[in-house]
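# Coordinate inspection notes
Here are the chains, one letter per residue:
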Amino acid sequence: MAPDRLKRMLEPASVAVVAQADDPTMPLLASIRAGGYTGRMVALGGGAAEGWEPAANLDALPEAADLVIAPARDAIETIAAAGRRGCAGVLIVDGERAGAAMLGEAGRRAGIRVIGPDSIGLVAPRLHLNASFAPVVPKTGSIALVAQSSSIAAGILAWAARREVGFSGAVTLGAAADVDIADCLDHFGLDGRTRSILLALDDVEDAARFLSSARAAAHLKPVLVLKPWRAATGTTSLTHAGLIVTADRAHDAAFHRAGLLRVNDLDELFAAAETLGRTRPLAGGRLAIVSNGAGLAALAAGRLRQLGGALATRSGDAPAPDEEAIVEAATPAQYGEAVTGLLEDGGVDAVLAVHAPHLLAEAETCAEAVVAAARAVRSTKPVLAAWIGGDDAIAARFAATGLPSFATGAEAVMGFQHLLRHARLQAELMATPPSAEDMPPPDLAQARAIVARALAEQRDWLDPDEVSALLAIYRIPELRPVVAADIEAALIVARPLLARGRPVALKIVSPDIIHKSDVGGVALDLATEAALRDAAESMLARVRADRPEARITGLAVQPMAQRAKARELIVGFATDPCFGPVVVFGRGGTAAELIDDSHVALPPLDLGLASRLIARTRVSRVLAAYRDVPAARLDAVAAALVAVGQMAVDLPEIRELDLNPLLADETGVMTVDARIMLERTPEKRRRPAIRPYPGNWRRQVTLRSGRSFQVRPIRPEDEGAIAAMLQKVTPEDLRLRFFAPLKTFSHSFLAHLTQLDYARAMAFVAFEEETGEVAGVVRLHTDPGQEEAEYAILLRSDWKGVGLGWTLMTLIIEWAKAEGLKTIRSQVLAENTRMLTLCRQLGFEIAHVPDDMALRVVTLSVESAASNLRS
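Residues numbered from 1 in each chain as written. Predicted model: local features only at pLDDT ≥ 70, side-chain atom pairs only at ≥ 80, totals over all residues. Heavy atoms only, no water.

From N to C terminus, the chain includes 29 helices and 37 strands. Rg of the C-alpha trace for the chain: 31 Å, near the compact-globule value of 29 Å for 871 residues, within the 12% margin. Expressed as lengths along the three principal axes of its C-alpha atoms, the size of the chain is roughly 95 × 85 × 65 Å. Out of the 871 residues belonging to the chain, those deemed buried represent 54%. At a minimum sequence separation of 6, the contacts of the chain that also span at least 24 residues come to 70%. On the chain, roughly 36800 Å² of surface is accessible, and the fraction owed to carbon and sulfur atoms is 52%. Here the chain contributes 92 positively and 105 negatively charged side chains, and the mean placements of these two sets differ by 4 Å. (Helix = DSSP H or I, 4+ residues; strand = E, 2+ residues; numbered from the N terminus. Rg over C-alpha atoms; globule rule 2.2 N^0.38 Å. Buried < 20%, exposed > 50% of the residue type's maximum accessible area, 1.4 Å probe, protein only. Contact = heavy atoms within 4.5 Å. Areas by Shrake-Rupley, 256 points an atom, 1.4 Å probe, with all protein chains shown as cover. Lys, Arg positive; Asp, Glu negative; His and termini not counted. Charge placed at Lys NZ, Arg CZ, Asp CG, Glu CD.)

Structure, rendered in structure tokens:
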């Protein structure tokens, strides 16, 4: 549904309230009027209300209302009537959550949006609109609040009013019959008046939509998430990965991948909002402290270190170079001088000014000195303040000048850490992954056949041979076991190894025994045939006694891994009901889930994402060289994670996978034990929440001239190739494409071109086969409603006029058709006659822009264009 209807609801020019004597909407008539709402107000239902225009019903409205507020009674009829009258949407403030689905369907039939039921309403401070049951109306500001919980929303608004924190908008979704978190992220992400977004979440319903919208918003501004932690109870997983991937960890992985900052409670939320809502992005993590007491500074510095932060050290030009940047100040003049000097110091990224009450250092004048210094230096470095015991007037003074202030130094340090976390998340979002070795993709048909055969036999687990075959398809190294039917066969398998002095391991093979060591089903370092026979006989006797019901299908013989200094890791994935497959990495072993040294991430992964996942664990430290132990090959560990993530994407029939242990040393990695659990119930299978790379859109094209091109969807790793292409585009062609002269191409600029969310954008890049260089790129970005999209195309200047532009445009139109888009549009400079001619040939309609004769708007109906191209 088009996003303009939601914009009209959240920024309404007119409001109509359905309210009769006992309706829960009655109090809103008074609160909306008392707030000074500047738009048109119409009261429906026959009752008189001071300051409101009366109307009998929606059909009698003098004009279509942007926002209709209604009780749950007769809600479906109200929604239908609002749609007939052309209203933008209906806010339902009461009602049961069980009826949400019917209300959402009613809204879709009527072509309008629905917020609620069970919502306390929405607030638009700029319009002085308080269409909510919140007792406190926030002032106008730059923070947007989106909440599923009414009580948390009311608490946040009350806190904000006390601290004079302003909002660009606030909405509580209740049961989210129609409008959901993703819709609001799209709206406030593009809203120019919103600088940061606060989310108060209970649950995520549509993980793919949520992540796509969240990532888009987080690219533009800070997004904070407050979600209650929930204990992992009742888990029955039989794999280590399944025990590690709890719902909270899956949410954490999703938030991290999208660039969202998760906070644990209201205090942390407020500290983060205070900082991110008032400061510019942080360039580094070095914090300097100014205080009127050494003890206060020490407390703040200690908290900083406890949170993993670092104190700044003075630069070489400072009075005391290389010393920690902690400065004592007793008077206003000293505060001003200290803040000024630290802001000008190249070794400092941010300054925290702390003050405690003192007869010789008045709080107000010292605060003014800090404000004056921050203004005078005109630095982009953040200045934070903690005036202990300070009154509301001092906090208001800091707020008025854009300086975040806190009650204690510890709270200020927490706020600074959120600034740092946000900066690091932004860097991760824009990071260019290292180029992977260009290898053929896994044989997906063979992999699917292995899984399909096991499912056809109604099995929950792949057998060892099938596991080995699947690992080989995805190029995951394995110390491959050989399954023998009985003891004699096991001796035959082991004999060549034992003859070479290579000890073996023996493991029980049973579809009913997953953790073999729990039943004594593993014997290691067997160096002779006699030792193997004794171990096998004892093992079979023990297993038959302890697990008489277990079906024993054989004995697995495996050479012992001769890697004395290898580290034991776990790599795997498990399926979360909300976010689908979640990849696991951490310290391995039989107690991997108890050691609690693991992190998780959503697939698909690239080498950069995999490397950062590794770095978040403690075990990553011992993967580096220490004492006489060489460093493990991190590239091999990362490649294994990428391969496991690809398997999770390709094979949704796999529920859980364990590679535990995966041995890592200076020679690479080797899987010693692997198990794969299947999901036999199709309804429980989950696709990845992040749309994977659309490799099925690869094409080989040959132009009339005979020149051939490999055309494929763009990848983040293409940044260097795109930069090289832009160097071969003339300044005039760059101006026609970007509407302005371009001389340099920053990493940030190139990342925006190459790092796409394939759920809402596509770019095809054409590589000339002979040289391997990029000859052209065409891209399409959809609007949040997934109905319209804007295209752009750029060819290397020496490849214009040979048919490459037509080829790329027809391919992007084909993609738009496959995605169900209705319209493609763009703006073209009137002087760009070559582009306008191509548009006419493709069937675009071309129109003038009334207030800018230098521009043309080109529009294409995807359905008709696709039909014409096929014919």
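Here the focus is the sheet that holds strand E2 (residues 40-44). Pairing in this open sheet of six strands is parallel, and the strands run E3-E2-E1-E4-E5-E6 from one edge to the other. Since the sheet does not close on itself, it has two edges, and those belong to strand E3 (53-55) and strand E6 (113-115), each with one partner. For this sheet the average axis-to-axis angle between neighbouring strands, irrespective of direction, equals 25 degrees. Here E2 runs beside E3; their pairing, made up of three bridges, is parallel. By the bridge assignment, leucine 44 is partnered in E3 with alanine 55. (Pairing = 2+ DSSP bridges. Axes fitted to C-alpha atoms, helices over the stretch in contact; angles between N-to-C directions.)

Counting across every chain of the model gives 50 salt bridges. Note that aspartate 186 and arginine 760 form a salt bridge whose closest N and O atoms lie 3.2 Å from each other. Here aspartate 186 is found in helix H6 (residues 181-190), whereas its partner arginine 760 is found in the loop between helix H26 (747-754) and strand E32 (761-768), with 574 residues between them in sequence. With a relative accessible area of 15%, arginine 760 lands in the buried category. One salt bridge in this structure joins arginine 305 and glutamate 324, with 3.0 Å as the shortest N-O distance. (Salt bridge = Lys/Arg side-chain N within 4 Å of Asp/Glu carboxyl O.)

A separate point is the nonpolar core. Core analysis: the biggest nonpolar cluster contains 65 residues, and Ile32, Ile69, Leu129, Leu199 and Phe210 have the highest contact counts within it. Top element by residues in this core is helix H7 (residues 207-218). It accounts for six residues. If you look at the next biggest cluster of nonpolar residues, it comprises 55 residues, including Trp697, Val701, Phe745 and Leu794. (Core = buried A, V, L, I, M, F, W, Y, C linked by side-chain atoms within 4.5 Å.)

Taken in spatial order, the eight strands of this open sheet run E30-E31-E32-E33-E34-E35-E37-E36, and their pairing is mixed. Two strands bound the open sheet, and with one partner strand each, they are strand E30 (699-702) and strand E36 (845-849). Averaged over all neighbouring strand pairs, the angle between strand axes comes to 25 degrees, with direction disregarded. Note that E36 and strand E37 (residues 852-861) share five bridges and pair antiparallel. In the strand pairing of E37, valine 849 is matched with aspartate 852. Packing of helix H24 (residues 719-726) onto the sheet brings it into contact with E32, strand E33 (774-782) and strand E34 (788-795), and relative to E33 it is tilted by some 115 degrees. Along the sheet, helix H28 (residues 833-842) contacts E34, strand E35 (823-829), E36 and E37; its crossing angle with E37, the most-contacted strand, is approximately 25 degrees.

Counting through the fold element by element, serine 826 comes out in strand E35. Overall, serine 826 belongs to the buried group, its relative accessible area being 8%. In this structure serine 826 touches Glu790, Tyr791, Arg856, Val857 and Val858, once residues within four positions along its chain are discounted.

Take unusual backbone geometry next. Residue proline 117 follows glycine 116 across a cis peptide bond; omega there is 0 degrees. Topologically, proline 117 is positioned in the loop between E6 and strand E7 (121-124). Proline 661 follows asparagine 660 through a cis peptide bond whose omega is 5 degrees. When you line up the elements, proline 661 lands in strand E27 (residues 654-665). For alanine 176, which is not glycine, the phi dihedral falls at a positive 55 degrees. Residue alanine 176 is classed as partly exposed on the basis of its relative accessible area of 26%. Positive phi values are uncommon outside glycine, yet aspartate 596 reaches one of about 60 degrees. You can see aspartate 596 is positioned in the loop between helix H20 (592-595) and strand E26 (598-601). Classification of aspartate 596 as partly exposed rests on a relative accessible area of 46%.

Turning our attention to the pairing of strand E21 (residues 504-509). Among the six residues that make up E21, six are buried, leaving the element largely enclosed by the rest of the structure. Residues Val504, Leu506 and Ile508 of E21 are buried on one face, and the alternating residues Ala505, Lys507 and Val509, pointing to the opposite face, are buried as well. Judged from the six bridges that link them, E21 and strand E23 (residues 554-559) form a sheet pairing that is antiparallel. Note that in E23 the partner of isoleucine 508 across the bridge is leucine 555. When E21 meets strand E22 (residues 522-526), the two strands line up antiparallel, connected through three bridges.

Now for the side chain of threonine 754. Relative to the helices and strands, threonine 754 resides in helix H26. Side-chain polar atoms of threonine 754 contact the backbone oxygen of leucine 750, separated by 3.0 Å. Ignoring any residue separated from it by four or fewer positions in sequence, one finds threonine 754 in contact with Ile714, Arg715, Pro716, Asp718, Glu719 and Ile722. (Polar contact = N/O pair within 3.5 Å; in protein donor to acceptor, adjacent residues only side chain to side chain.)

With that settled, consider the packing of helix H3 (residues 75-85) against helix H4 (residues 100-110). Helix-helix packing is described using two parameters, namely the angle between the two axes and the distance between the axes. Direction vectors running N to C along H3 and H4 enclose 15 degrees, while the axes themselves pass 9 Å from each other. Comparing the axis directions of H3 and H4 gives the class roughly parallel. Both H3 and H4 take part in a crossing whose hand is right-handed. From H3, Ala75, Ile76, Ile79, Ala80 and Gly83 reach across to H4, where they touch Met102, Leu103, Ala106, Gly107, Arg109 and Ala110. Partitioning the contact of H3 with H4 into residue classes produces eight nonpolar, two polar and one charged. (Parallel < 35°, antiparallel > 145°, perpendicular 65-115°, else oblique. Left-handed = near helix turned anticlockwise from the far one by under 90°. Nonpolar A, V, L, I, M, F, W, Y, C, P; charged D, E, K, R; others polar.)

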